[in-house]
Amino acid sequence: MTTVEIAPGPVELDAEGFLVDPTQWTEELAREIAREHGIPELTDRHLQVVRFMRERFFASGASPSVRALGKESGVPIKELYELFPKGPAKLAARIAGVPKPRGCI
Amino acid sequence: MATALTEPVFVEAPRATIEKVAVIVSKGSLEGVYPALILANGARMEGIEANVFFTFFGLDAIRKDRAGKLKVATVGNPGMHLPTLLGALPGMSAFATRMMSRQMEKLDIPPVPEFLELLADSGAKLYACQATVEMFGLTEADFVPHVEQVLTVGEFYDIAAGGEIIFT
């Protein structure tokens, strides 16, 4: 468990870098996590995916799969991989401050 | 003179990562094809390069006319825990296939044709084995458009070089 100092205060991350409490998420925090994972600037398209992930997580209690992201976030799979090259579901979940997606797809 | 035995020393292996995989699909049953597709997709989800080589009956998975019609093998499949003679009854394979497809959909795993599209969109490359394409008298036109190319084994090894090879 690590803590990261980001306005408005320190937040806790688990061993894999996922936010422990999803309600502590801010867009500023998202930008910070994205920078640490090689995405220098979050575009509107990134944020569309990130917001969809958060909505989905709070509605269903689980982070969506890549398949669900591709079908329902409004961002097709190809573009998801361009936006989040090192694996869209996990990286987008990290940036969105929601738990790691559990599915294999 | 006896030397005192010392406690064995365990050296932990350095944390390694997989950067690239080649998955070879040689079977044409639904339960033979799904593991390969899931492994390849799982690789892409982790940012791992994935190349998939369809050979022998594995070619059924990428044939336009068959990709959506793969069946679970109910005969000669001990994993079914079904007496062989029962498994041979008409409709058993179709029934087992429906059951598995329903289960897969519940797990958010797409049917094979959609899965191939998902893989291609994820950046996985799909290839058909030239020797078996010729053996079955097929041409590139018989395959779904997500198939990159028909390749010889040698050409595939060239593409797969430096990665882990997974045979299914």
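This one's a predicted model, so the numbers in the text were calculated from it and none came from an experiment.

A. Examining the pattern of salt bridges more closely. For the structure on display, the rule yields 16 salt bridges over all chains. The closest approach of N and O atoms between E28 of chain A and R35 of chain A, which form a salt bridge, is 3.8 Å. According to the relative accessible area criterion, E28 of chain A is partly exposed, its value standing at 42%. The partly exposed category is assigned to R35 of chain A, whose relative accessible area is 41%. Within the structure, one salt-bridge network assembled from shared partners comprises R67 and K71 of chain A together with E105, D108 and E114 of chain B.

B. Here's a closer look at the pairing of strand β1 (residues 20–25) of chain B. Residue and element names in this part refer to chain B. Burial runs high along β1: six of the six residues are buried. On β1, burial covers both faces: K20, A22 and I24 on one face and V21, V23 and V25 on the other are all buried. Judged from the six bridges that link them, β1 and strand β2 (residues 49–54) form a sheet pairing that is parallel. The residue of β2 that forms the bridge with V23 is V52.

C. Main features of the packing of helix α1 (residues 30–45) of chain B against helix α3 (residues 92–106) of chain B. Residues and elements named next belong to chain B. In the contact formed by α1 and α3, the axes pass within 11 Å of each other and the chain directions differ by 20°. By the angle between their directions, the pair α1 and α3 is classed as roughly parallel. For the pair α1 and α3, the sense of crossing is right-handed. Across the interface between the two elements, L30, E31 and Y34 of α1 pack against T97, M100, S101 and M104 of α3. Tallied by class, residues from the contact of α1 with α3 come to four nonpolar, two polar and one charged.

Cut-offs used in this document
- Residues numbered from 1 in each chain as written.
- Chains lettered and ligands numbered in written order.
- Predicted model: local features only at pLDDT ≥ 70, side-chain atom pairs only at ≥ 80, totals over all residues.
- Heavy atoms only, no water.
- Salt bridge = Lys/Arg side-chain N within 4 Å of Asp/Glu carboxyl O.
- Buried < 20%, exposed > 50% of the residue type's maximum accessible area, 1.4 Å probe, protein only.
- Helix = DSSP H or I, 4+ residues; strand = E, 2+ residues; numbered from the N terminus.
- Pairing = 2+ DSSP bridges.
- Axes fitted to C-alpha atoms, helices over the stretch in contact; angles between N-to-C directions.
- Parallel < 35°, antiparallel > 145°, perpendicular 65-115°, else oblique.
- Left-handed = near helix turned anticlockwise from the far one by under 90°.
- Contact = heavy atoms within 4.5 Å.
- Nonpolar A, V, L, I, M, F, W, Y, C, P; charged D, E, K, R; others polar.

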